[in-house]
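A structural walkthrough
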Amino acid sequence: MTFVPNVEFKKKLLDVHLEDKIKYCYQCDRCTSVCPVAEATNNRYNPRTIIMGAMLGLPQLVLGAEDNFKIWGCQVCDTCDEKCPNDIELTEIFNLVKNISVQQGTAPEYYTMQAKTILENGKAIPSQSAIERRRKKYGLPPVPKCNVDEIQNILKQTELDKKLKYKWVEEQ
Ligand code: SF4
Ligand code: SF4
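The rules behind the values
- Residues numbered from 1 in each chain as written.
- Chains lettered and ligands numbered in written order.
- Predicted model: local features only at pLDDT ≥ 70, side-chain atom pairs only at ≥ 80, totals over all residues.
- Heavy atoms only, no water.
- Near = heavy atom within 4 Å.
- Helix = DSSP H or I, 4+ residues; strand = E, 2+ residues; numbered from the N terminus.
- Nonpolar A, V, L, I, M, F, W, Y, C, P; charged D, E, K, R; others polar.
- Core = buried A, V, L, I, M, F, W, Y, C linked by side-chain atoms within 4.5 Å.
- Buried < 20%, exposed > 50% of the residue type's maximum accessible area, 1.4 Å probe, protein only.
- Domains from an automatic or database assignment.
- Contact = heavy atoms within 4.5 Å.
- Buried area = accessible area lost by both parts, 1.4 Å probe.
- Salt bridge = Lys/Arg side-chain N within 4 Å of Asp/Glu carboxyl O.
- Patch = residues over 30% accessible without salt bridge, like charges linked within 9 Å, V, L, I, M, F, W, Y side chains within 5 Å.
- Areas by Shrake-Rupley, 256 points an atom, 1.4 Å probe, with all protein chains shown as cover.
- Lys, Arg positive; Asp, Glu negative; His and termini not counted.
- Charge placed at Lys NZ, Arg CZ, Asp CG, Glu CD.
- Phe/Tyr/Trp six-rings, centres within 6.5 Å; stacked < 30°, edge-to-face > 60°.

**Structural notes on the site of ligand 2**
Close to ligand 2 lie 14 residues; Cys 35, Cys 74, Cys 77, Asp 78 and Cys 80 are nearest. Mapped onto the shell around ligand 2, the elements with two or more residues apiece are helix 3 (36-40), helix 7 (79-83) and helix 8 (90-103). Counted by class, the shell around ligand 2 contains ten nonpolar, three polar and one charged residues.

If you want it as structure tokens, here you go:
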């Protein structure tokens, strides 16, 4: 397979990275050797490869529409950030790549559906009568209501709705 560098993709990642430290990556592989996901998946998920793809501007190595596990395997445990000898904040790069993945529509549906649920209800698991009945049975108080408007305002400021191409009910 031939990989074609994408300058815009490279600029987007390198320009944003804090203090531009990513350029000091010398591919030592320590990030992958300490990553629990890399270990559990026999390196199918590989943070070092993602950093290499970011530095070279190769979205195919990072986003891989045929295997979105490439970036979405990261569980943001921050172990790699702590162990990188060059203080590269890998998870900053990964967050950026995840945003690009959502915007180009290659993010796994279970992530975008979960984000839409939070956008609509202000929480990941909306209150359900079955949950409330069980809480009552065990003598627990009802789940406190959250301020959905406030949460939606915050999420709108992060432009989550635009990234998800979410249409608000009143705009439909
Ligand atoms: S640990 Fe740091 S320097 Fe080493 S490969 Fe990973 S990102 Fe690069
Ligand atoms: S933050 Fe992601 S890439 Fe880094 S060690 Fe944890 S799961 Fe692996």
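**Points about the nonpolar core**
Burial of nonpolar side chains together is a common tendency in soluble globular proteins. Judged by nonpolar contacts, the single largest core of 36 residues is most densely connected at Tyr 45, Ile 51, Leu 90, Ile 93, Phe 94, Val 97 and Leu 164. Going through the elements one at a time, helix 1 (7-16), helix 3, helix 4 (47-56), helix 5 (59-62), helix 6 (69-72), helix 8 and helix 9 (109-121) are the ones with two or more residues in this core. For this core, the element with the highest residue contribution is helix 8, accounting for six residues. Two domains each put at least three residues into this core: domain 1 (7-103) and domain 2 (109-166). Among residues more than four places away in sequence, those in contact with Leu 164 are Val 102, Thr 112, Ala 115, Lys 116 and Leu 119.

**Some thoughts on unusual backbone geometry**
Of note, the phi angle at Asp 29 is positive, near 80 degrees, even though the residue is not glycine. Looking at the element boundaries, Asp 29 is found in the loop between helix 1 and helix 2 (30-34). Even without a glycine there, the phi angle at Asp 78 is positive, about 70 degrees. Within the fold, Asp 78 resides in the loop between helix 6 and helix 7. Under the relative-accessibility criterion, Asp 78 is labelled partly exposed at 31%.

**Looking at the site of ligand 1**
Neighbouring residues of ligand 1: Cys 25, Tyr 26, Gln 27, Cys 28, Asp 29, Arg 30, Cys 31, Arg 48, Cys 84, Pro 85, Asn 86 and Leu 90. Broken down by class, the residue content of the shell around ligand 1 amounts to seven nonpolar, two polar and three charged.

**Digging into the environment of Ala 54**
Following the sequence through the fold, Ala 54 ends up in helix 4. Classification of Ala 54 as buried rests on a relative accessible area of 0%. Sequence spacing of Ala 54 and Lys 12 is 42 residues, and the spatial spacing of their C-alpha atoms is 9.3 Å. Non-local contacts of Ala 54, meaning those with residues more than four positions away in its chain, are made with Lys 10, Leu 13, Leu 14, Ile 22, Val 62 and Ile 93.

**Remarks on the domain arrangement of the protein**
Accessible area lost upon the coming together of the parts serves often as the stated size of an interface. Along its sequence, the protein is organised into domain 1 (7-103) and domain 2 (109-166). Using only C-alpha atoms to locate each centre, domain 1 and domain 2 end up separated by 29 Å. In total, about 480 Å² of surface goes out of reach between domain 1 and domain 2, with carbon and sulfur atoms giving 58% of it. Among the residues domain 1 hides against domain 2, the three largest losses belong to Trp 72, Val 102 and Gln 103. Together they make up 78% of the total. The tally of links from domain 1 across to domain 2 stands at zero salt bridges.

**Quick notes on a negative patch on the surface**
A cluster of like negative charges, contributed by Asp 78, Glu 82, Asp 87, Glu 89 and Glu 92, occupies part of the molecular surface. Relative to the helices and strands, Asp 87 is located in the loop between helix 7 and helix 8. By relative accessible area, Asp 87 is classed as partly exposed at 48%.

**So, the packing of aromatic side chains**
Counted according to the given criterion, the structure contains two aromatic pairs. Both rings, one in Trp 72 and one in Tyr 111, keep their centres 4.6 Å apart while their planes meet at 40 degrees; by these two values the pair is tilted. Highlighted residues: Trp 72 in helix 6 and Tyr 111 in helix 9, separated in sequence by 39 residues. Residue Trp 72 is classed as buried on the basis of its relative accessible area of 8%. Measuring from centroid to centroid gives 5.1 Å for Tyr 110 and Tyr 111, while their planes differ by 40 degrees, and the two rings are tilted.

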